[in-house]
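# Structure at a glance
Here's the letter readout for the chains.
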Amino acid sequence: MNPYVLAILLYSLGLGTTMTFSSSHWLLAWMGLEINTLAITPLMAQQHHPRAVEATTKYFLIQATAAAMILFASTTNAWLTGEWNINNVSNPITNMMIISALALKIGLAPAHFWLPEVLQGLNLLTGLILSTWQKLAPFALIIQVAQNTNPTLLTILGISSTLVGGWGGLNQTQLRKILAYSSIAHMGWMIIIIHYAQQLTMIALMTYIFMTSAAFLTLKTLNTTKINTLSTAWSKNPVMTAITPLILLSLGGLPPMTGFMPKWLIIQELTKQSLPLTATIMVLTALLSLYFYLRLCYTTTLTINPSTINSITPWRTKTTTNLLPLTLMIIISLGLLPLTPTILALTT
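Cut-offs applied
- Residues numbered from 1 in each chain as written.
- Predicted model: local features only at pLDDT ≥ 70, side-chain atom pairs only at ≥ 80, totals over all residues.
- Heavy atoms only, no water.
- Helix = DSSP H or I, 4+ residues; strand = E, 2+ residues; numbered from the N terminus.
- Buried < 20%, exposed > 50% of the residue type's maximum accessible area, 1.4 Å probe, protein only.
- Contact = heavy atoms within 4.5 Å.
- Areas by Shrake-Rupley, 256 points an atom, 1.4 Å probe, with all protein chains shown as cover.
- Lys, Arg positive; Asp, Glu negative; His and termini not counted.
- Charge placed at Lys NZ, Arg CZ, Asp CG, Glu CD.
- UniProt positions renumbered as here; feature names shortened; annotations may be inferred.
- Axes fitted to C-alpha atoms, helices over the stretch in contact; angles between N-to-C directions.
- Parallel < 35°, antiparallel > 145°, perpendicular 65-115°, else oblique.
- Left-handed = near helix turned anticlockwise from the far one by under 90°.
- Nonpolar A, V, L, I, M, F, W, Y, C, P; charged D, E, K, R; others polar.
- 1 Å grid on protein atoms, 1.4 Å probe; cavity = no way out; pocket = protein on both sides within 12 Å on 5 of 7 lines; lining within 4 Å.
- Points joined across faces, edges and corners; volume = space filled by probe spheres on them.

### Topic: the overall build of the protein chain
- Within the protein chain, the secondary structure is distributed over 17 helices and 0 strands.
- If one aligns the C-alpha atoms of the protein chain with their principal axes, the spans along those axes are about 75 × 50 × 35 Å.
- A burial count over the protein chain gives 52% of its 348 residues as buried.
- Long-range contacts, defined as pairs at least 24 residues apart, comprise 78% of the intrachain contacts of the protein chain with a sequence gap of at least 6.
- Total accessible area computed for the protein chain in this model is approximately 15800 Å², and 69% of it derives from carbon and sulfur atoms.
- Of the side-chain charges in the protein chain, 14 are positive and 5 negative, and the distance between the mean point of each set is 20 Å.

Pasting the structure below:
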């Protein structure tokens, strides 16, 4: 892709998200979401592969449907209340429509079916943008609307997303689909606490972005997209192969990695809100996700591909990729747990 075109598209991605962040008017927020969608579409289709074109088409149709629902719901809300303000969505029907549309945009269950298929058709870098940056603008709107939303609806969305995210990833062999189901499960953790403690949703979203970025950049460095190719990674890059299981366990939420922090804080808050049953269900669904992360760890570190060359110094590929972003993401993904009190103090 032409670097000037790429720069314009990336600038538009930033512009769309910033516009949604800073707007208090529904039309401006909707425009920001649309700019976001239109900017990422050429990035998704740049490979000219039938699977990439199919993924782009699916993504565009889903995002257009969600945007139309948001526009319809916000217009109805303005008709009923006389205001376009994002914080003033007092009508329960329009509120539910907006939450449903935003759930469709970010891939919350039961509107999640498009996400694994779309992510499977993209390369790893575009998949990284889709899994991280594209979640920010819809989440900014969900956070503003959540206070007027029925907490039962948010709880149902959260539990179903963690269940689907854990259950769907169990039988997958493609790493991008596994990361898509991982994304659905993490979104469920964020949405379930959003009505009670929005700062915990922010902490969970930030840690999710760092951990997912580390996972995608690691897979790009190892040049692998399937589980069975993970078992050959040790001969190409032994250090990265040793670090990969730690990143996966952090995504699974095991201490002492960073991924444990948001889960711990969310379960603590749910217990404070006298919701012990919800907290128990969330912990049990986290075990489902943990199983497929452990499966990936086992494949990476404890299996050897049958066709491996049995030489003392295996041939290794020299990479020209800048490893600084990957290094930063890995450090953040593995080492932030001791800073939990500081992070809580900064966000409250």
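Once the structure has been displayed, the description carries forward.
### Thoughts on the UniProt feature "transmembrane region" (unreviewed entry) in the protein chain
- Look at the UniProt record and you will see "transmembrane region" (unreviewed entry) annotated at residues 57–80, 92–115, 152–171, 178–197, 203–222, 234–254, 274–294 and 323–346.
- This span, residues 234–254, is 86% helix and 0% strand, and a straight line between its end C-alpha atoms measures 23 Å.
- End C-alpha to end C-alpha, residues 274–294 measures 32 Å, and it is 90% helix and 0% strand.

### Considerations on the packing of helix α10 (residues 198–222) against helix α16 (residues 324–335)
- With their axes 8 Å apart at the nearest point, α10 and α16 run at an angle of 135° to one another. In this view, α10 runs oblique relative to α16, as classed from their interaxial angle. As α10 runs across α16, the sense of the crossing is left-handed. Of α16, the residues touching α10 (which contributes Phe210, Met211, Ser213, Ala214, Leu217, Thr218 and Thr221) are Pro325, Leu326, Met329, Ile330, Ile332 and Ser333.
- Broken down by class, the residue content of the contact of α10 with α16 amounts to 9 nonpolar, 4 polar and no charged.

### Here we look at empty space enclosed by the protein
- What the rule picks out here adds up to 4 cavities of 30 Å³ or more.
- Volume-wise, the largest cavity comes out at about 110 Å³.
- Along the walls of the largest cavity sit 13 residues, with Tyr59, Gln63, Lys105, Gln134 and Pro138 positioned nearest its centre.
- Of all the secondary-structure elements, those providing two or more residues to the lining of the largest cavity are α2 (26–44), α3 (50–81), α4 (92–106), α5 (114–120) and α7 (133–145).
- Of the residues contributing to the lining of the largest cavity, the split by class is 7 nonpolar, 4 polar and 2 charged.
- Taken as a whole, the second largest cavity encloses approximately 90 Å³ of empty space.
- Taken together, Leu175, Ile178, Leu179, Ala214, Ala215, Thr218, Leu219, Leu230, Thr244, Ile247, Leu248 and Leu296 form the lining of the second largest cavity.
- Looking at which element gives the most residues to the lining of the second largest cavity, the answer is α10, with 4 residues.
- Residue composition of the lining of the second largest cavity, grouped by class: 10 nonpolar, 2 polar and no charged.

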